[in-house]
There are 2 protein chains.
Amino acid sequence: MARRNDHSREEIHQMALDAAERIVVAEGYKGLSARKLAAAIDYTVGTLYLVFENLDDVVRQVNERTLDKLYAWLQARSGASTRPEEAVFALARAYIAYAENDAPRWNMLFEYIAAQGGALPASHLQKVGKVFGLVEAALAPLADRASATEVEQAARVLWASVHGICLLKISQRMELAGGQDAEAMSHMLIENFLRGFRSTHQAA
Amino acid sequence: MARRNDHSREEIHQMALDAAERIVVAEGYKGLSARKLAAAIDYTVGTLYLVFENLDDVVRQVNERTLDKLYAWLQARSGASTRPEEAVFALARAYIAYAENDAPRWNMLFEYIAAQGGALPASHLQKVGKVFGLVEAALAPLADRASATEVEQAARVLWASVHGICLLKISQRMELAGGQDAEAMSHMLIENFLRGFRSTHQAA
DNA sequence: CCTGTTTATTGAACGACGTTCATTTGTGTG
DNA sequence: CACACAAATGAACGTCGTTCAATAAACAGG
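Cut-off values and rules
- Residues numbered from 1 in each chain as written.
- Chains lettered and ligands numbered in written order.
- Predicted model: local features only at pLDDT ≥ 70, side-chain atom pairs only at ≥ 80, totals over all residues.
- Heavy atoms only, no water.
- Helix = DSSP H or I, 4+ residues; strand = E, 2+ residues; numbered from the N terminus.
- Buried < 20%, exposed > 50% of the residue type's maximum accessible area, 1.4 Å probe, protein only.
- Contact = heavy atoms within 4.5 Å.
- Areas by Shrake-Rupley, 256 points an atom, 1.4 Å probe, with all protein chains shown as cover.
- Lys, Arg positive; Asp, Glu negative; His and termini not counted.
- Charge placed at Lys NZ, Arg CZ, Asp CG, Glu CD.
- Polar contact = N/O pair within 3.5 Å; in protein donor to acceptor, adjacent residues only side chain to side chain.
- Disulfide = S-S within 2.5 Å.
- Salt bridge = Lys/Arg side-chain N within 4 Å of Asp/Glu carboxyl O.
- Core = buried A, V, L, I, M, F, W, Y, C linked by side-chain atoms within 4.5 Å.
- UniProt positions renumbered as here; feature names shortened; annotations may be inferred.
- Domains from an automatic or database assignment.
- Buried area = accessible area lost by both parts, 1.4 Å probe.
- Nonpolar A, V, L, I, M, F, W, Y, C, P; charged D, E, K, R; others polar.

1. Quick look at the overall build of chain A
Helix and strand counts for chain A come out as nine helices and zero strands. When its helices and strands are written in sequence order, chain A yields α-α-α-α-α-α-α-α-α. For chain A, the spread of C-alpha atoms along the principal axes amounts to about 70 × 35 × 35 Å. Among the 204 residues that make up chain A, the fraction classed as buried is 50%. Taking the contacts inside chain A whose residues are at least 6 apart along the sequence as the reference set, 68% of them involve residues at least 24 apart. For chain A, the accessible surface area stands at approximately 9300 Å², while carbon and sulfur atoms represent 51% of it. In chain A, 22 side chains carry a positive charge and 25 a negative one; their mean positions are 2 Å apart.

Written as structure tokens, this is what we have:
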């Protein structure tokens, strides 16, 4: 039994988030329960509620970490490419690779976003916006005649689409993909999409 | 209290599926519980387990109905268009409209598909395949130089993408869409995608 | 009409869930 | 050493899915 002052509030907070991630990675979203999480850090349920508002609060904070990791992962892989188009392909490959590599957390993130009835927390929106920013940056060189708004909208459309394809892969539903893998699908999508996009928005 | 022989097994089965749909429509996926469902048809929990394997079985059977309704809805709206391209746009509009119109059931269907660990039931796969068939039929006239496999793959790519966009709308996450609505997004997607697809696979 | 058998239906019971809060227990102060 | 304070507990509440011994309704034979 953990004793008074063994750990500060902040330490318990971090221990719980770490343990929650381990549980989610090992057993999936539904495997996370208050009692299991408390046991994992050698405290009892009650203590969790001194540090978090409720279980949803834990999930939300794990998701914030996931968004940070996702952004860092994508940024590290969106370096300068020879061809501007290649940057978009590279980003999509990185997105799919992240989801594959960190499937349970990626899953939890988007199940949370989907299930959340009302508005997302502001910090969430801001982090998602940063991810979209990477897509916009990759798309901009391909559309020198497009306004910032047009690039933004195209980025959202393209990424919602890549995300849809990614969902197939993560939920292991490639049986629905007609024999392709997610990378091939997203490649076909981007190739065709960019052809249209460039012909509309790029000079020369 | 319902009495012996008031209803046949089959009647109870149908009553339960009807009631389950009403509950899901009224209160969402998570609002469906065994006790609530039993009360809605004036039986007790035990009776449900004589007719269904478990709650998941109920959900699966409701989803089969949803897939049938979705197919019928799309088919009714995929009639002959003047331009072949318009058929694809019409299908996407119909898909989004269905999801909007029947959001709780549409949601439950795809949450189930995503959450299901292993393989989907064969009947599910077959019904999803029928929906994809509609997309392939709309795509085929635009690619007279493409093989059946290429059309099939393009249909899956395009529909996974439309689905991704649709998810934004249904989970009321249009804040992430850069000021567009789902119809505009899917229109942009299809327009650009088809331009690339036609230029690769269509003669003349 | 009564009795015994069959079987449809029940609902209490189990373990697990999220959440709360009166109680306990260790810590630091006077 | 006793008091006050606060950290931590864990029993309790109402929910969940699921099971299965017990019950009660329908029917068959006399």
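Continuing now.
2. Some remarks on the environment of Ser 123 of chain B
Position of Ser 123 of chain B relative to the elements: it lies in helix 7 (residues 122–139). One polar contact links Ser 123 of chain B to Glu 64 of chain B, side chain to side chain, over a distance of 2.6 Å.

3. A closer look at the side chain of Thr 66 of chain B
Within the secondary structure layout, Thr 66 of chain B lies in helix 4 (residues 55–76). Thr 66 of chain B has contacts with Tyr 98, Arg 105 and Leu 109 of chain B, leaving out every residue within four places of it along the chain.

4. What to know about the state of the cysteines
A covalent bond bridging the sulfur atoms of two cysteines is what the word disulfide describes. With the rule as written, the count across this model stands at zero disulfides over all chains. This cysteine, Cys 166 of chain A, is not joined by any disulfide, and Cys 166 of chain B carries the nearest cysteine sulfur, 18 Å off. Note on Cys 166 of chain A: relative accessible area 0%, which makes it buried.

5. Remarks on the pattern of salt bridges
By the definition in use, this model includes 34 salt bridges over all chains. Among the salt bridges present, the one from Asp 68 of chain A reaches Lys 127 of chain A, with a minimum N-O distance of 3.3 Å. One end of the pair, Asp 68 of chain A, is in helix 4 (residues 55–76); the other, Lys 127 of chain A, is in helix 7 (residues 122–139), with 59 residues separating them in the sequence. Taking the relative accessible area as the measure of exposure, Asp 68 of chain A reaches 37% and is therefore partly exposed. According to the relative accessible area criterion, Lys 127 of chain A is buried, its value standing at 17%. Put simply, Asp 57 of chain B and Arg 60 of chain B hold a salt bridge, and the shortest N to O gap is 3.1 Å. Residue Asp 57 of chain B and its partner Arg 60 of chain B are located together in helix 4, separated by three residues, close to a single helical turn. Taking relative accessible area as the criterion, Asp 57 of chain B reaches 7% and is therefore assigned buried. The network of salt bridges with common partners includes Asp 18, Glu 21, Arg 65, Lys 69, Asp 102 and Arg 105 of chain A.

6. Structural notes on the nonpolar core
In terms of nonpolar packing, the biggest core is built from 145 residues, with Leu 139 of chain A together with Leu 139 of chain B touching the most fellow members. Ranked by residues supplied to this core, first place goes to helix 8 (residues 148–170) of chain B with 13 residues. The contacts of Leu 139 of chain A, once residues within four sequence positions are left out, are Val 88, Val 151, Ala 154, Ala 155, Leu 158, Leu 194 and Phe 197 of chain A.

7. Observations concerning the UniProt feature "domain: HTH tetR-type" (unreviewed entry) in chain A
Mapped onto the present numbering, the UniProt feature "domain: HTH tetR-type" (unreviewed entry) falls on residues 10–70 of chain A. Across residues 10–70 of chain A, the secondary structure splits into 79% helix and 0% strand, with the terminal C-alpha atoms separated by 24 Å.

8. Overview of the domain arrangement of chain A
Residues and elements named next belong to chain A. Under the domain assignment, chain A is made up of domain 1 (1–52) and domain 2 (54–201). Between domain 1 and domain 2, the residue contacts involve 15 residues of the former and 13 residues of the latter. Carbon and sulfur atoms make up 67% of the surface buried where domain 1 meets domain 2, a total of about 1400 Å² over both sides. Considering only the surface of domain 1 that becomes buried against domain 2, Glu 21, Tyr 29 and Phe 52 emerge as the three largest contributors, covering 45% of it. The interface formed by domain 1 and domain 2 holds three salt bridges in total. The salt bridge partner of Arg 65 is Glu 21, with a shortest N-O separation of 3.3 Å. Between the two partners, domain 1 and domain 2, sit five residue pairs in polar contact (both at pLDDT 80 or more). Grouping the amino acids of the side of domain 1 that touches domain 2 by side-chain chemistry returns 10 nonpolar, three polar and two charged.

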